[in-house]
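Here is what each chain is made of, one letter per residue.
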Amino acid sequence: MKTAVIYYSSHHGNTKKIAEKLSEALEGKLFEYTDVDKYNTVDYNLIGFGSGIYHGKPAKEFLEFLEELPDVKNIKAFVFTTSGKGTDNYNNILKEELEAKGFEVVGEFSCKAFDTWGPLKIIGGKNKGKPNEEDFKRTEEFAKNLKERLNSS
């Protein structure tokens, strides 16, 4: 299965770290979203799309990138986010954007990450050291399970 992982990461590189682990575990190509020709996305069978969360949403630039993707058929996708809260709810916007383009979203992943937004900066941030080895193991397990599920269908 030809796989790509496309991500947006700034500030602390949290999302990039997760994207690297996903790409490695899925034996796929890794791309920062600015390095992707949007029309080449049709060359892959499975694409992961991930962003850090800023002000409660995926990065504006990343959402604009998703809006500009061509409509597709028969391409599976998964989404992932990193945030101070680490909640799956942040994945919903990404899923909606991709499904509107015709992607079949087959999985989602999220984890807590070091966060220094707003007043958190004053106290030195929260979730120091995140993502950590435990998060990376969960990332690899997610990728392994996704791969097994897709290969058996």
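Residues numbered from 1 in each chain as written. Predicted model: local features only at pLDDT ≥ 70, side-chain atom pairs only at ≥ 80, totals over all residues. Heavy atoms only, no water.

## What to know about helix 3 (residues 91-100)
- Here helix 3 has its buried residues at N91, L94, K95 and L98. In an axial view of helix 3, the angular spread of the buried residues amounts to 100 degrees, which keeps them on one side of the axis. Exposed and facing more than 90 degrees away from the buried side of helix 3 are E96 and A100. (Buried < 20%, exposed > 50% of the residue type's maximum accessible area, 1.4 Å probe, protein only. Helix = DSSP H or I, 4+ residues; strand = E, 2+ residues; numbered from the N terminus. Arc of directions from axis to C-beta.)

## Structural notes on the environment of E104
- Mapping E104 onto the fold places it in strand 6 (residues 104-112).
- Residue E104 is classed as partly exposed on the basis of its relative accessible area, which comes to 44%.
- Residues E104 and V72, 32 residues apart in the sequence, show an inter-C-alpha distance of 9.4 Å.
- Setting aside residues no more than four positions away along its own chain, E104 makes contact with I75, K76 and A77. (Contact = heavy atoms within 4.5 Å.)

## Here's the deal with the packing of helix 2 (residues 60-67) against helix 3
- The geometry of helix 2 relative to helix 3 is characterised by a closest axis approach of 9 Å and an angle of 20 degrees between their N-to-C directions. As the angle between them shows, helix 2 and helix 3 are arranged roughly parallel. Classified by chirality, the crossing of helix 3 by helix 2 is right-handed. For the pair helix 2 and helix 3, the contacting residues are F62, L63, L66 and E67 in the first and I93, L94, E97 and L98 in the second.
- In the contact of helix 2 with helix 3, the residues fall into 6 nonpolar, no polar and 2 charged. (Axes fitted to C-alpha atoms, helices over the stretch in contact; angles between N-to-C directions. Parallel < 35°, antiparallel > 145°, perpendicular 65-115°, else oblique. Left-handed = near helix turned anticlockwise from the far one by under 90°. Nonpolar A, V, L, I, M, F, W, Y, C, P; charged D, E, K, R; others polar.)

## Side note on the environment of T3
- Mapped onto the elements, T3 comes out in strand 1 (residues 3-8).
- The sequence separation of T3 and D43 amounts to 40 residues, and the corresponding C-alpha distance is 9.0 Å.
- Not counting the four nearest positions on each side in its chain, T3 is found in contact with L26, G28, K29, Y44 and L46.
- In this structure the side chain of T3 is engaged in a polar contact, spanning 3.3 Å, whose partner is the backbone oxygen of M1. (Polar contact = N/O pair within 3.5 Å; in protein donor to acceptor, adjacent residues only side chain to side chain.)

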